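# What the coordinates show
For reference, the chains in residue letters:
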Amino acid sequence: MSDIWWMILRRLALGVLTLFVVTLLIFGAIQLLPGDPAQAILGQAATPETLAALRTELGLDLPAWQRYLNWISGVLHGDFGVSLANKRPISELIAGRLANTLFLALYAAVIAVPLSLVLGVLAALWRGSWFDRAINVLTLSSISFPEFFVAYILIFWLAQSGLFPSISNIPPGAPLAEKLYRTFLPALTLTLVVTAHMMRMTRAAIINLLASPYIEMARLKGMGPTRVIVHHALPNALAPIINVVALNLAYLITGVVVVEVVFVYPGLGQLMVDSVAKRDIPVVQAAALIFAAAYILLNLAADVLSTLSNPRLVNKR
Amino acid sequence: MNGNPADGRFGAVSRRSLLRGATALGTAALLPLGSGRAAAQPKQGGTLRLAMAHGSSTDSYDPAMLENAFAQLFATARNGYMTEIAADGSLTGDIAESWEASPDARVWTFKLRAGVTFHSGKPVTAEDVIASLDYHRGEESTSAAKPIVAPIVEIAADGPGTVVVTLESGNADFPFVISDYHLPILPATDGRIDPLSPDGCGGYVVESYEPGVRASMTRNPNYWKLPDRAHFDAVELLTIIDAAARQNALITGEVDVIDQVDVNTVHLLQRAPGVQILSTTGTQHFTFAMDTRAAPFSDNNVRLALKYAIDRQELLDKVLNGYGALGNDQPVGPSDRFFADLPQRVYDPDKAKFHLKEAGLDTLQVPLSAADAAFPGAVDAAVLYSEQAAAAGITIDVIREPNDGYWSNVWMVKPFVAVYWSGRPTADWMFSTAYAAGVAWNDTFWDNERFNQLLNEARSELDETKRAEMYREMQLLVRDDGGVVIPMFASYVMGLSDAIGHPEQVGANWTLDGFRAVERWWFA
């Protein structure tokens, strides 16, 4: 078992290193954006005097490396700074949005992951049947349409008929049941968008294994197809499935800004887009860092879990 | 991008509101709204849910910023101002009950209304007014309203109920100027306001505010305008940036009022049951601005050729779907009291060719920069323009610029660009903001000696007839010599649930009844 802990530690250290490189990339990329925060905040209202006054106030007259060091040392102390645009502490600004994003991602994942696993196993079980074909066509079409189109279709069917609200307008302090009801359409949209990928991977991984000799052996012993797939094929197919699930979870956290906009859901994506438009650099940096950390952690978890799922890797001789 | 800084420009003209019924799509017809709801009696009660296309997580309470319509309407709902622009475009008192000018219009004395209090219960005094205006003045001010208050030399209290403002030179329109939404009266402590405090003396008290998402407010029980205003018990403002999501929210009854209805799909929204469309035409206008310092635009004949080479009617019909009015290459709208009814310039390729020849040219090739950040449909408008101009031998190369950074990298940088102006409540304000030589937003870099001289003289002239004559000449100068093509004035198009009632006359200086729908409208 200690091998596993060593691996986790090693991966964590590599993750920290990756995050460090990411901070450099984020900071460098933001330096390349045309225009500066003072100009973006004042917009067309900018005159040379107000610009100069605001630049000094925001510390933009310092050289880039000094601003990077200030930022990095703040982050290491758990202080993300304050938003340039509205002077609110960034940790407070992001906390609420991050919670919303995680809530929606979790909601969608709780529906999508079991659904795609079950559909994938069933499709493999009844390979070539009408069920297999129908489910393939359905999931592939929902992933092929742009997210906003899927969202509009759902609004047309489920919101205009009055079943679900068309916008996720959640009053502060709403109970969980109401939150689940009001965010059902965005969660369903995301489910439709990510299911195909996971379902197809489950199906492909299992079908791949069904051709191997040990499955044939199991069949020859007289096992039913369900038992063959669930007990014998699935455990060996777990590694690729776990990886694709992790990828999709990361997507649910980082890539849902379009769904947020269509359903007016106050998540981290919209905050980041607003902040880029306003050149609110500290907020962009903090959000980008969180996204990067989410990717790294999910990939780490996927690696560890797929290693654990493989006894040959766990019990090395 | 919702970061369109054009929204941050202060002021707007409102002298005429143009309400359209369900079918009327005329360009300048003044028609009353088709339904009888408009005239119904106001009634108290209910929670208004109003969704706007603007609002960003970078917004704040700070009155020096207020750079999109959400922040501006929210500020107007919670704050009191010295003066207010009424729905018909005239000026009425708000915190200032009355005002008078010295004969040279340099010294203005404002009498404050007695008994007005902030939400905290503190009475509004001259000290608060002075601190609120001072916040935008001074060297280190970053306020978007800095240019408005810059001419103020001194503000002094004359007792707790009187404020005397001295300007560096006469300005007959000063009471209009301080109605600007950047200049709310906030409570002062030790001569300074707290710009990040939600306190104010307006009709609604802030309950909660999450920038870029929502703001909740309840009626201020001590509002001095009660019971004529603030009919809703509570107000919830929402940001819904996506146009389709906004329309869906209205159709499904999630909200009661939306702004910025997409003019391309407005006919579909009209068919939805329980929805009424309201549109107002004020001074919001779209322009194509030329850098008059740079060749070939430095030659007025080239400018005139470009002005004759655009078919304004086609742009109005196709880009705005008829929701607007024709422009005449000068920014003063028909609702302004100094509007000079100059002959409408029309599309005339032959005249354009004539002016090209005068300039010594057979053909002309110019680049035109546009992006949807300039105004919705700007790229389409530019492409239409280039096709119309081709008939006059003018090649316009449309350059599609990125929305992001449009106002810092394209506007006032490239020689020929699409621009959006929300306009100003007075002709002087508009001219001094964008047409006087050397001012920060003179986006055509136009410098006309006669114009500048007239502008200065007219500002302090108190004789209305003489003033009107001067403004007429200025409008003529901008139209025939200025560097700006103004194809159209654009309407504000809003969607309302049938349950909403509003006064017959709706303010057109801004969207949503001059940002005052929250306190002027009601549930019928």
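Please read these numbers as outputs of a predicted model, since none were measured by experiment.

Another point: the overall build of chain A. Regarding its fold elements, chain A presents 15 helices and zero strands. For chain A, the C-alpha atoms occupy an extent of roughly 85 × 60 × 35 Å along the three principal directions. Buried positions account for 40% of the 317 residues belonging to chain A. Partitioning the intrachain contacts of chain A with sequence separation of at least 6 by distance along the chain shows that 74% fall at a separation of at least 24.

Counting 235 residues, the largest nonpolar core has A287 of chain A together with A305, A374 and A418 of chain B as its most contacted members. At 14 residues, helix α5 (residues 90-125) of chain A tops the list of elements feeding residues into this core. Apart from residues lying up to four places away in sequence, A374 of chain B is in contact with Y406, V417, A418, V419 and Y420 of chain B.

Let us look at the environment of S144 of chain A. Residues and elements named next belong to chain A. Along the chain, S144 falls in helix α6 (residues 130-144). The class for S144 is exposed, based on 10 C-beta atoms found within 10 Å. S144 sits twelve residues away from D132 along the chain, and the two C-alpha atoms are 18 Å apart.

It is worth spelling out the interface of chain A and chain B at this point. Taken together, the contact between chain A and chain B spans 39 residues of the former and 43 residues of the latter. Taken together, the elements giving at least two residues each to the side of chain A that touches chain B come down to α2 (37-42), α3 (48-58), α7 (147-159), α12 (257-262) and α13 (268-277) of chain A. If one sorts the elements of the side of chain A that touches chain B by residue count, α13 of chain A sits on top with five residues. Tallied by class, the residues present in the side of chain A that touches chain B amount to 20 nonpolar, 14 polar and five charged.

Residue and element names in this part refer to chain B. If you trace the four strands from one edge of the open sheet to the other, you get β4-β5-β7-β6, paired in antiparallel fashion. Single-partner strands in this sheet number two, and they are β4 (96-101) and β6 (152-157). The sheet shows a mean angle of 20° between the axes of neighbouring strands, direction not considered. Relative to strand β5 (residues 107-112), β4 runs antiparallel, the two being bridged by five bridges. What sits directly across from A96, in β5, is L112. The strands touched by helix α2 (residues 126-134) are β5, β6 and β7 (162-167); relative to β6, the strand with the most contacts, the crossing angle is about 160°.

Once that is clear, we can look at unusual backbone geometry. Residues and elements named next belong to chain B. A cis amide bond, omega 5°, links L226 with the succeeding residue P227. For P227, the position within the fold is in the loop between β11 (214-219) and β12 (234-239). Here the bond from A295 into P296 is cis, since omega is 0°, no more than 30 degrees from zero. Mapping P296 onto the fold places it in the loop between β14 (275-290) and α7 (300-308). The phi dihedral of A105 falls on the positive side, at around 60°, and the residue is not glycine. Summarising the element assignment, A105 is placed in the loop between β4 and β5.

All right, on to the domain arrangement of chain A then. All names here are of chain A. Each domain of chain A was delimited in the assignment, giving domain 1 (12-76) and domain 2 (98-314). Distance from the C-alpha centre of domain 1 to the C-alpha centre of domain 2: 34 Å. If you look at the interface, domain 1 gives 16 residues, while domain 2 gives 13 residues. Of all the secondary structure elements, the ones that give two or more residues to the side of domain 1 that touches domain 2 are α1 (2-32) and α2. Of the residues forming the side of domain 1 that touches domain 2, the biggest block, nine residues, is contributed by α1.

What follows deals with helix α5 (residues 243-251) of chain B. Counting along an α-helix, one turn takes 3.6 residues, and residues three or four places apart therefore face a common direction. Counted residue by residue, α5 of chain B has seven buried out of nine residues, so it is predominantly covered. Considered for burial, the residues of α5 of chain B that qualify are A245, R246, Q247, N248, A249, L250 and I251 of chain B.

What follows covers helix α13 (residues 449-460) of chain B. Residues and elements named next belong to chain B. Along α13, the positions that sit buried rather than exposed are F451, L454, L455, A458 and R459. One face of α13 carries all of its buried residues, which in axial projection span an arc of 130°. What points out from α13, more than 90 degrees from its buried face, is the exposed set E449, R450 and Q453. Those residues of α13 that are buried are in contact with α12 (427-434) and α14 (464-481).

Residues and elements named next belong to chain B. Across five bridges, the pairing between β6 and β7 is antiparallel. What sits directly across from E154, in β7, is T166. Connecting β6 to the next strand, β7, in antiparallel fashion are four residues, including G159 with a positive phi near 80°.

Here the focus is the packing of helix α10 (residues 213-220) of chain A against helix α11 (residues 225-254) of chain A. Residue and element names in this part refer to chain A. Relative to each other, α10 and α11 sit at 145°, their axes nearing to 11 Å. Between α10 and α11 lies a crossing whose hand is right-handed. Only V228, H232 and A233 of α11 make contact with α10, whose side of the interface consists of I215, A218 and R219. Per-class residue counts for the contact of α10 with α11 are four nonpolar, one polar and one charged.

Definitions and limits used
- Each residue is numbered by its place in its chain's sequence as written, counting from 1.
- For this description, chains carry letters from A and ligands carry numbers from 1, given in the order in which they are written.
- Per-residue local features of the predicted model are confined to residues with pLDDT of at least 70, and side-chain atom pairs are confined, for both listing and counting, to 80 or more; whole-chain, interface and lining totals are unaffected and use all residues.
- Where helices and strands are cited, they refer to DSSP runs of H or I of at least four residues and of E of at least two residues respectively, numbered from the N terminus.
- Around each residue's C-beta, the other C-beta atoms within 10 Å are counted; 20 or more make the residue buried, 12 or fewer make it exposed, and counts in between make it partly exposed. All C-beta atoms are placed from the backbone.
- Any pair of residues counts as being in contact when their C-beta atoms, constructed from backbone geometry, are within 7 Å of one another.
- What makes a nonpolar core is a set of buried Ala, Val, Leu, Ile, Met, Phe, Trp, Tyr and Cys residues, with links drawn between C-beta atoms within 7 Å.
- Residue type decides the class: Asp, Glu, Lys and Arg count as charged, Ala, Val, Leu, Ile, Met, Phe, Trp, Tyr, Cys and Pro as nonpolar, and the leftover types, Gly among them, as polar.
- Following DSSP output, two strands are said to pair if at least two bridges run between them.
- Fitting a line to C-alpha atoms yields each axis, with helices limited to the stretch in contact; the angle taken between N-to-C directions then spans 0 to 180 degrees.
- Here the bounds of each domain stem from an automatic or database domain assignment.
- This arc describes the spread of directions from the helix axis toward the C-beta atoms.
- In this scheme, a crossing is called left-handed if the near helix is turned counterclockwise away from the far one by less than a right angle; it is called right-handed if the turn is clockwise.

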